[in-house]
Structure formats: C-alpha cells, structure tokens
Amino acid sequence: MTQAGNTIGKVVGINGNLVSVEVTQGADVLQNEVAYVDLEGIKLKSEVIKVQDRICHLQVFEDTRGIRVGMPVEFTGEMLVVELAPGVLNNIYDGLQNPLKELDNKNGFFLKRGQYLPAISLKKKWRFHPTAKPGEVVRAGSWLGWVPEQHFKHRIMAPFGMLGTATVESVVPEGDYEVRDTVAVLTDDQGHKINVTMYQTWPVKKAIKAYKQRLYPEEQLVTACRIIDTMFPVGRGGVACIPGPFGAGKTVLQHLLSKFAQVDIVIVVACGERAGEVVELIYEFPEMDDPKTGGKLMERTIIICNTSSMPVAARDASIYTGVTLGEYYRQMGYDVLVLADSTSRWAQAMREMSGRLEEIPGEEAFPAYLESRVANIYERAGLVELQNGDNGAVTLIGTVSPAGGNFEEPVTQATLKVVGAFLGLSRSRSDQRRFPAIDPLDSWSLYLDQLKDSLDRDLDPHWVEMVTHASSTLRRSSEVSKMMTVVGEEGISIGDLVTYLKGEMLDMAYLQQNAFDDVDAATPMKRQVRDFKLLYEAMSADFDFETKLQARQFFAELQDAFYQKNYVAEDSEDYRKYEEQIRKMLQEGASRV
Amino acid sequence: MFKTYARITNIIGDIAELDAPGVAYGELAHIVNTNGESSLAQVIRIDRDKISLQVFAGAKGLSTHSKVRFLGHPMEVPFADAMLGRIFNGSGLPIDGKPPMDDAPEVEIAGPSVNPVMRVIPQNFIETRIPMIDVFNPLVESQKLPIFSSAGEPYNELLARVGLQAHADVIILGGIGLKFDEYILFRKSFEEGGVMDRTVMFVHTAADPVVERLLVPDLALAVAERFGIEGKRVLVLLTDMTAFADALKEISVAMEQVPSNLGYPGSLYSDLASRYEKAVDFEGAGSITILAVTTMPGNDVTHPVPDNTGYITEGQYYLNNGVIHPFGSLSRLKQLVIGKVTREDHGAVMNAMIRLYAKALESKKKISMGFEKTETDERYLKYADLFEARFMDLRVDTPLNDALDRGWQTMAECFSRREVGIKKDLLETYWPKSADSSDEAADDDEEGKANAAG
C-alpha cells in the first residue's frame, strides 16, 4: 500500500478547488489517495478523485488561490484516513479531523490553510489494562486490553486491516503508555510479527468490518422524543432521515436527539450548516449532565464541524469521518448515534466536484452516482456481533434539506430508498407551531413492524396494535378536519366530531413536545408507555354526547389534563393527580353512554 | 517583473482567455484595451498556459490586442479608518470624486472562514426602533438576516432606516445592481441622518459591469471583518443578494458549468453561505451583523435564491404589501435576547399579541365568508386595526420599551385581562391601571360597550 510513497507530480491546471496534476516521477497512483500541493511551503491537502493516464485530478481541501502551474505535488500513497486512538471523544474536529480547539491557539480567529494537527495528543499517557493472554488466537478487531477514556473502557484492538488470524505473542503489563507505544505483539499466519499500539488509522471511505457478522436490528433506540419513539421508532443500528424545509425545526430536533438519545456515544456531523448552531453545542454540551454516565454530555460526544463557509471538498469528507469514528467505537461494543446534518450539503459538495470534472449530470445536475453514494453511507450503520460475541451498533440519522421543501428532489428520493424510517418535517405544522414538526400522516417507520416482537415484549403485549390504531384515528381525524373546512362543524355528525377531537388530543397532548421545557423536552420510554396507554384508553373509549358543544367542552378539559401532565415529573404528586383526574373524567364520560 | 501580454485568444461572455505561463490561480490582472479603457480581471481557471480571466468591467468592446499585465496578487481592498464616509465601486475604486486610497494597506477579500470554536454565542440586542422587528423578531448582534421581499416593495427604505437607527459603530453598505435613484436615496438618507461619517459604501449600480456585482459583498465584508477585529460593532447592509446570485448565474453559464436549478450554479448554496457566514461575534473583539435584501422573483419563496438563503440565514423578515409580515418572519436568535437583555415582559407581550392578531384574522376571514359578526369579533377587529396602525405600519418609529407599553395599552383597549393569556405576575405589573380597576369591572365594561354598539 505504501510503495507509491515517492510519486511526485506538478500542477498543470486549476479550476476552483480541482487541480490537475501531471505525474513526473514514480508511476503508482491510487484512486482516492492523499496528495499535498506545495504552495511555496504551504502544503495543501488534496485527494485524487480521477486518474487519466499521467494526469490526476485532485480535489483540494483548501482554498486554491495562489497555486501556479508547475508547483510540486507529493503523493502519499495513502487514502484519506482518520486517526483512531484514545482521546478522540470530547473533541471538536473539522471534516479532516483537525482538532479545532488546538488550531484555535495557533491561528487566532481564522482557519489558515495548510495547517494540520494530529487528531489526538500523541504525548499523553494512558493507563493500559491488558486483557489478552499470550497464546490467544485473535482476529482483526479482537480486544487486547483497554484504557479508561472519559467514562468508557476504550478497547485496544488488533489492527482492523489484519487478515486471517494471529497469535498473541506478548502483552505489556498494566501501566502508563503513550498511544504509539507498543502494547502487544502478535504473530500472523505467515509468521510475521505485528506490533500493536493504541493508535491506528483507517481510510474513511472504507467500512470497518472487523466483526463476526451483521445482525438484524430488533431493538429500539430510545430518543426520548415521543412522536419518534412511539409512532415512528428507529431501530438500534438502524437508519432514519429527517427531511424538512428551512425553519421547520430540524436543528432543534437534532440538538434534542444529540442530548437525550439513550446511547453511549454521540457523533454530531455538522456538514455544511451554520457555524452558529455548532457554537451552541460547543458552549452547552460541556455544561450539561449526561444522566447515563454522570459526567458531562460533551464527554460522550464528538463534534465534526465543517460548516457552510469552510472548503467544500472537506465537507464531502466530514460525513465519512463521522461514520468511521462511529464504526470505531462500535468495535468496542458501544451503542453509537451518528447525526449527519445535513446530507443535502454533502450531496451538493459531490455535485460541485462532479461539475468541475465535467461528468454527465443527472437530475438537477447531481451526478449519476448520487444514489449509490447515499446508499453506501447509510449502509455503514448497523448492529454487529463482535469477535467476542458482544455487540455494538451505529445508528445513523441524517437530515435532508430539500430545495424548496419539495421531497421529490433527488437527494430526498435517494435517501428514502435506503432508510428504515422517514421523519418528514412539514412547513404547515411548523407554521402552526406544532413541534416537533414531524408530520404524523406523511412519516413512516419500517421498524414498527421489524421491532414488533421486542416492542410487544418490552413495552406492552398490545403495543404495536395500539400504535397502529392510534395512527389510523389520527388519519380519520384529519379527514374529518378537512371535511369541516368545507361544510363547517354543523355539517358533520357528533361521532365524526369526536373522532376529530380524539385525533387532535393525541396530537396536541402527546405527539407535540416542548423542547424548551425541562420536563417535557425528554420523555423516557417507561413514561411514554404509561402516558400513551392512558391516552389510548381515552382514545378508544366510547362517548355519547348530546351536543357538539358538550363534546368539545369535555375534550377541551381532558386534553388540557393530558397536556398539563406533560409538564410535571413522573414521580411527582401532581402527575398522580392528573392521572387520577383523567381516569375520573373517563369514567364519567363513559357512564353517560 | 510583471510581463505584459498583448494577445487575447478567446472572449466568451465576460471571460477572456490568453496564453500566459506562471500565473497564480485567483491572481489579478490589469487589462488596457486598445481604446485606452482599462479594467481589472481575475484568474478563474488555468489549464497549462491557458489562462481564463474574468474581466470586471465586462468584455464589451474588448480588443484581442488589449494589453494584459498580471499584478502578482489576488483581489484586495484598501482598509483604513479614512474609508469612513467614502463611496467605492465594485472594483474598490472611489466614485465620490475624492482621491483614491493609495496609502491604505490592502487586505485580502473572501479570506478564510472563522474557526467555529472562536465564535461566541450572540447575546446583544440591536434596537432598530421598528416595532415589527424589535418586539416580534428582534435583531441580534452578529446575526445574519435577509429581508425577503419583491420588486416594488420599500425594502431599500427599510434597510436605510435600520442603518440610520441601529447605533452600529460602523455601517457598511454593499449595493449590488442598485438603480441609480436607489443609490442616491441611500446616500442622501445617510448624509441627512448624520451617519455618513461612520459609513463605507460599496456601490454597484445596474449600469455597471456584471462582474463587479460579484465583488461587492466580498469587498464590503472584507472591510467589515477588519473593523470587527479592531473591536467595532459593524452592521453590513447588502442589497440585493438576488442580483448577486444572478451575476453568479451569468458567469457560470459563460464558464459552461452545468446548471443545477433554474440556471443557477450547483455551488449557489456555498457561494451565498461563504458571504453570510462572515457574520460573527469575535471573542474579545467586535462583531459583524448582516442584514440583506433578497428579492423573490414572482414573490416565490421556493425560488432557488430565497430557498438557499433561508437555509443559511438565521431567520428572515417578510416584507410584503409594505409591511413586515408577523407570521412568516422569524429571528432564530431572538430567544437569546428576549427577556434576558430586554424587558421581562417582552416574551409575553410578543406571544400574546401575535396570538391575538392571528385570532383577529380568523374573525375577519369568518366575517368575509358571510358568517355572523359577534361582539367578540368586534373587539378582535378593533384590535386588528390598532395592531396594524400602531405596530405594522412601517412609519412607526419607537423605542422597544415604548412599543411594549403601547402593546399593553392596545390589548387593554380591546380585551380583558383574562382574554390575553399572560401570566398573572406580569399582568399585575404591566396591565395599564387606567384600563380597569378589576377583572370583573373590565368584563362588565366590555359587555356594556358591546351591547351599546349592538
């Protein structure tokens, strides 16, 4: 892989961030290998994206101003990689894994080009605890020991690129080591010695597959967002997308997911979005408590941030970087959530490069390979069984920013083909201030069926049936509502009105959630089950009202009780009181029948 | 050391091509036409020795025997305090009849982006004295906000007013494709308003070459950035960003790029974002706030320019039929200042007034559909009229706290305390004492009035 190390070329053309290079020395060029354009001492990182005979086309990850024909280019012989080692958590990286906080000390306010730093400290010492014994037979990804990183056991693993099996020759005793110190020696099938350190690199565009097998997701990933967990669940190791027009609340929803999702590790990829949004995370997360570990939220988080004004080519890399880091922690048996915001910007970055390469454009000028790239990235999520029988998961939720809020556009369509849940945000719901603005009629989740066994086992024996029934009530309620706009309330029967009111109650008092309220912002699953069952009871009860006014008054009061209940803690006296009040109202309402 | 070339091989649109070895990407060139006219030009593509130049003054009348001299540096703009009160064109040259800024140091335009970790969370309120902005969607320092509008609307008047009233340390106006009259309007109102001595204008009028249009935001923002680093609170006004996007379209078509949507280049989002993202609050220094006009062709918000802009900016103001629309408008950063740096009742007044106005519109709609008018409707209609006259009318010019007081007054004139849905402790402090002595009295009073009216 590294024999191409001394290939050298010179620049022959520049078009935006696409630089054409003629190879002058050496011959071996790898597609997607990293090269550096030498701009009078400033080395600009680039990636080979097209090879035509002796001319290579490079996408430069930096501003290309000042590059001249004839400037030297060094090829590294290695693909774009991420650095994997303890110390990755609690970091803010750009799309190429440069630690932005470290850059900040060196470069002032601005991101100067050509500055690359190691992603993690190479000097820091970590307390290594060996777990493998000499003589043990291991494969790529087998655990050899661990070091404590934040609140996690950061596993030190046999190199992911190792083929076949190897035997553990020796492991160092417990002690403090730098990431590049040898902590174990393996001997592979051919008798070659392999020195294992705590540090390895991996090409971002290749999936890490050092596990036994992929598994079928059968469990739910709890997000603490009611409309998602109850109506449109996402599987642990599954994939979902959140498309929506601007101003529909994508960002707030993403932030909620990153705060409250019940996973071990969260990786937020801010890809081509506003810098201001990331700033909120940067300031908030180090302050917020993580209920799961007792530490701070930032300690379980990695933020990859290639905002909209940063170079476009690095934006393309940022999602790959995020997913690869997710896969790395999955190999340690953790549950990882990768939030990619937004995949549309990533696709646009691809479109810009494709245009410069003068490829034949597909729909809306996106390249023909858009669909396969989108599919490829989502397929890297998944639940896997590790070498030792444990499992780990990467769940990927991507937002999509469709042009004009129109879901017919190519990126949304390509995404819909590969995801298991579609959480579509609608402008009309956000205009009505119904948040989260996930449209309960348009959205869908295949996981409701796929996870049926575990949901019915863990939540309630009739869970899926109840949810399905509730969503059909919602649908009928919306039909009645449409009818009412034409014929007025006078034109419909009391029965229809009750259906409408039931649907509204489900929407107003359960599906909507106040992101800015301490209690309502996150609902644990146990409470969702309790809340939903009571609501379901109310929705399936038969009521016989004499007048429409009576029905309206009854539901106004009932809905308010459910609504107020959302704002009180589950273990509080008030919560119990509201439950009691609701039960009483239901009895009274039913006794009228 | 800089060689002069005298042979242009191709001219396509405003792009001239010639053979010139050793030129740097993005480098600036000076072209002197055979008739003596000169222009700057920028290198936008290099293919071995073939250089493509974007000619700022346009290629109309350009001779293939023009003299081209490369300057060895990319586009720069002078920066000095002496720029305050001056007016420049899209090439950065003065158009106010005063001498050029020859001694001022030059700064790079379209420089690198700010490291996200060096930003701070915005927290300062910018008072504009326009109630639809201050009360309902306040502008926050370092925010980037467009005014979505359409042809014929008074968006430039609005922009000029914000410039006059916003108390920024430095105002930078970037006029992109302005009509001559609009340019004069800005100049006059800034001179008369007494802010010209802290204003820098970069003006490209519709009569100027299209390439210069592209440069105006970059020039304006580069200068803003320098002032910002020096600790100044800078307000950048850009109008009209749709004209900027149209210039991008023209150039990209001339460059034979594959268009993505309605002829705009695929990079439209990134091109707009790299400008808007210059809005920043520098940790320990000044800030840049951007207020820009985006005219929507056909008043269609899904048109690529407003659509892409909406994804980039932190909200938008809808200026339609001469008023800032209360529902479509949004300031995403408003939570950061409402009730925190502004008065404690701000949030409550904002929400209650909007909710009541929404209900008032429902009443109007109901009545227009032929349903009966109830006494409640009467009160909502009265409220709608007052709201439109006291708040939505763009001529209203009032500080925030007065506007809030007037909000309480307006609500009290139309409704009882119970109807406005505001927390009790705020009602006790702010509900006008003259409006009622107790809730009951108010209710009776309202009933009485309604009956009398009926």
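Think of each chain on its own: its residues are numbered from 1, step by step along the sequence as written. Just so you know, chain letters begin at A and ligand numbers begin at 1, following the order they were written in. The predicted nature of this model means local features are confined to residues of pLDDT at least 70 and side-chain atom pairs, given and counted, to a pLDDT of 80 or more, with totals for whole chains, interfaces and linings taken over all residues.

Before going further, it helps to spend a moment on the sheet that holds strand β16 (residues 193-197) of chain A. Residues and elements named next belong to chain A. Being paired, for any two strands, means DSSP has found at least two bridges between them. Every helix listed is a DSSP run of H or I at least four residues long, and every strand listed is a run of E at least two residues long, numbered separately from the N terminus. In spatial order, the strands read β10-β13-β15-β16; together these 4 strands make up an open sheet with antiparallel pairing. Two strands in the sheet have a free side with no partner beyond their single neighbour: β10 (137-139) and β16. Strand-to-strand, the axes of this sheet are offset by a mean angle of 45°, without reference to chain direction. Pairing analysis gives 3 bridges linking β10 to strand β13 (residues 165-171), with the strands arranged antiparallel. Counted as the bridge partner of Val 137 is Thr 167 from β13. In this analysis an axis means a line fitted to C-alpha atoms, helices contributing only their contacting stretch, and an angle means the value between N-to-C directions, from 0 to 180 degrees.

Take unusual backbone geometry next. A cis amide bond, omega -5°, links Phe 435 of chain A with the succeeding residue Pro 436 of chain A. On the secondary structure map, Pro 436 of chain A appears in the loop between α9 (427-431) and β28 (444-445). The omega torsion across Thr 239 of chain B and Asp 240 of chain B is 5°, close enough to zero to call that bond cis. One non-glycine residue with positive phi stands out, namely Gln 150 of chain A, at about 50°. For Gln 150 of chain A, the position within the fold is in the loop between β11 (143-149) and β12 (152-157).

Time to look at the sheet that holds β11 of chain A. Residue and element names in this part refer to chain A. A sheet is described by the order of its strands in space; here 4 strands give the open sequence β12-β11-β9-β14, paired in antiparallel fashion. Edge positions in the sheet fall to β12 and β14 (175-178), since each has one partner strand and no second. When strand polarity is set aside, the average angle formed by the axes of neighbouring strands in this sheet is 45°.

Glancing now at the domain arrangement of chain B. Residues and elements named next belong to chain B. Domain limits in this description derive from either an automatic procedure or a database domain assignment. Splitting chain B by domain gives domain 1 (4-74), domain 2 (78-335) and domain 3 (346-453). Taken residue by residue, the interface counts 12 residues in domain 2 and 15 residues in domain 3. Residues are grouped as follows: nonpolar covers Ala, Val, Leu, Ile, Met, Phe, Trp, Tyr, Cys and Pro; charged covers Asp, Glu, Lys and Arg; every other residue, Gly included, is treated as polar. Class assignment for the residues of the side of domain 2 that touches domain 3 results in 8 nonpolar, 1 polar and 3 charged. We call two residues in contact when the distance between their C-beta atoms, placed using the backbone, is within 7 Å.

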